[in-house]
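Topology and contacts: notes
Each chain, letter by letter, is given below.
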Amino acid sequence: MILMKKKMVLTLLLMIVFIFSFKMAKADTFYSIEYFYNGGKNLRIKLWSDDNSKVYIKGFIREKDNQIKVFYSKKKMADTEQDNIEIPQSMFIIPIRVILESLDGEIVFKDIKSSPFELFIRHLHDMGKIKGYPDETFKPKNKITREEFVSMLVNVLDIKKKKYTKYSFGDIKDSWAKDEIQLLYEMGIVNGFKDKTGKLNFNPKGNLTYEQAIVMTAKAFRLNPLQGVKYENASSWAWGYIKTMINNRILKQNDVDKQNLTSNATREWIAYLLSCSLVH
């Protein structure tokens, strides 16, 4: 009996050691890119960490013409290792998408492995453009709200944020993204709708549709709508913007054909749209 108890305790201890030895930490490492660095035809990728710890690049591989994977660790193994790497621009078609791969077991979000848009979510995270939830998830299948999208769009565009005391929409004063909404409204990127009293509203907590996201993104990247097109699965006011996103190779025809663009968009698809908009 005593021997059995000792075995149970030993087994439990081994299980605890196993679990903690393979526990993954949330990735807090990001990158920035400088094109034509030092006047030459090079680009420099530099890593930095939220907790101010040093990050060392271990190498990279070219996955596509416009995508590379950079391997990193917070453990220095050689004196020559740096937090940045300079690469000849001739190796890639710019702009490029960089995917960071931790050698320390760090993960970006613990719920995106099964998402078909995992790399696009990771791309935006690794650029410091998006954040997840406190439980280290991204909730890729969740519907995205209008205020969430506006906040993501402002971050992706690197627009300097402002503080406002007056707002054009009557229903955004309690929204955590009210300043971003007002900013994009003044830039002509977002529109609202008038209620029965004639007051302009935005519906910040409401879900965002695919076509609304496409139109706002096209406007944000200063793409003009194209005429003479029609899509059965979208509203007429979105047709020209959908076509210009396809012509500029941000979206594929298949992306449009397989979606009911009037339905509510998911968080993972929005990450795909914004990532493609940055790398096209």
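In what follows, the structure referred to is the one given above.
Parameters and conventions
Residue positions are given per chain, counting from 1 as you read along its sequence in written order. In keeping with the model being predicted, local features are shown solely for residues with a pLDDT of at least 70 and side-chain atom pairs are shown and tallied solely at 80 or more, while totals for entire chains, interfaces and linings include all residues. Only hydrogens and water are set aside; all other atoms, that is, all heavy atoms of the structure, feed into the side-chain values. What makes a salt bridge here is a side-chain nitrogen of Lys or Arg within 4 Å of a carboxyl oxygen of Asp or Glu, nothing more. Each helix corresponds to a stretch of at least 4 residues labelled H or I by DSSP, and each strand to a stretch of at least 2 residues labelled E; elements are numbered beginning at the N terminus. The classification of residues rests on relative accessible area computed with a 1.4 Å probe and restricted to protein chains. Under 20% of the type maximum is buried, over 50% is exposed, and intermediate values are partly exposed. Lines are fitted to the C-alpha atoms to define the axes, a helix being fitted only along its stretch in contact, and any angle between axes, read from their N-to-C directions, falls within 0 to 180 degrees. Between 65 and 115 degrees an angle is taken as roughly perpendicular, under 35 as roughly parallel, over 145 as roughly antiparallel, and anywhere else as oblique. What makes a crossing left-handed is the near helix being turned counterclockwise from the far one by less than a right angle; a clockwise turn instead makes it right-handed. A contact between two residues is defined here by any heavy atoms of the two lying within 4.5 Å. Throughout, the ten residues Ala, Val, Leu, Ile, Met, Phe, Trp, Tyr, Cys and Pro are labelled nonpolar, Asp, Glu, Lys and Arg are labelled charged, and all others, Gly among them, are labelled polar. Paired strands are those between which DSSP finds at least two bridges.

Details of the pattern of salt bridges
Per the counting criterion, the structure on display carries 19 salt bridges. In this structure, E101 and R122 form a salt bridge, with 2.9 Å as the shortest nitrogen-oxygen distance. In this pair, E101 sits in strand β6 (residues 97–102) while R122 sits in helix α2 (residues 118–126), placing the two residues 21 residues apart along the sequence. Across the salt bridge formed by E148 and R267, the nearest N and O atoms sit 3.7 Å from each other. You can see E148 sitting in helix α3 (residues 146–157) and its partner R267 sitting in helix α8 (residues 267–278), a full 119 residues away along the chain. Residues E148 and R267 agree in their burial class; the two are buried. Members of the salt-bridge network, linked through shared partners, are E63, K69, E101, K113, E118 and R122.

A look at the packing of α3 against helix α5 (residues 210–220)
Here α3 crosses α5 at 25°, and the two axes come no closer than 11 Å. Of the possible angle classes, the one that applies to α3 and α5 is roughly parallel. α5 is crossed by α3, and the crossing has right-handed handedness. The residues of α5 that touch α3, namely those facing R146, F149, L153 and L157, are Q212, A213, M216, T217 and A220. Taken together, the residues of the contact of α3 with α5 break down into six nonpolar, two polar and one charged.

Observations regarding the sheet that holds strand β1 (residues 29–35)
Taken in spatial order, the three strands of this open sheet run β1-β2-β5, and their pairing is antiparallel. Only two strands of the sheet have a single partner each, and these edge strands are β1 and β5 (84–88). Across the sheet, the mean angle separating the axes of adjacent strands is 20° when strand polarity is ignored. One ladder, built from seven bridges, connects β1 with strand β2 (residues 42–49); its direction is antiparallel. Counterpart to E34 in the pairing with β2 is R44.

As for the packing of α3 against α8
Between α3 and α8, the shortest axis-to-axis distance is 11 Å and the interhelical angle comes to 25°. Classed by the angle they form, the pair α3 and α8 counts as roughly parallel. Pair α3 / α8 crosses with right-handed handedness. Note on element contacts: α8 touches α3 through R267, I270, L274 and L278, opposite E148, F149, M152, L153 and V156. Taken together, the residues of the contact of α3 with α8 sort by class into seven nonpolar, no polar and two charged.

A word on the sheet that holds strand β4 (residues 67–73)
Pairing is mixed across the open sheet formed by three strands, whose spatial order is β3-β4-β6. In this open sheet, the two edge strands, each paired with only one partner strand, are β3 (56–64) and β6. Taken pair by pair, the neighbouring strands of this sheet meet at an average axis angle of 25°, ignoring direction. Of the pairings in the sheet, the one linking β3 to β4 comprises seven bridges and is antiparallel in character.

Overview of α2
Judged by how many residues are buried, α2 sits mostly within the fold: eight of nine residues are covered. Within the span of α2, buried status applies to E118, F120, I121, R122, H123, L124, H125 and D126. Packing partners of the buried residues in α2 comprise β1, β6, α3 and α8. Phi turns positive one or two residues past the end of α2, at G128, with a value near 80°.

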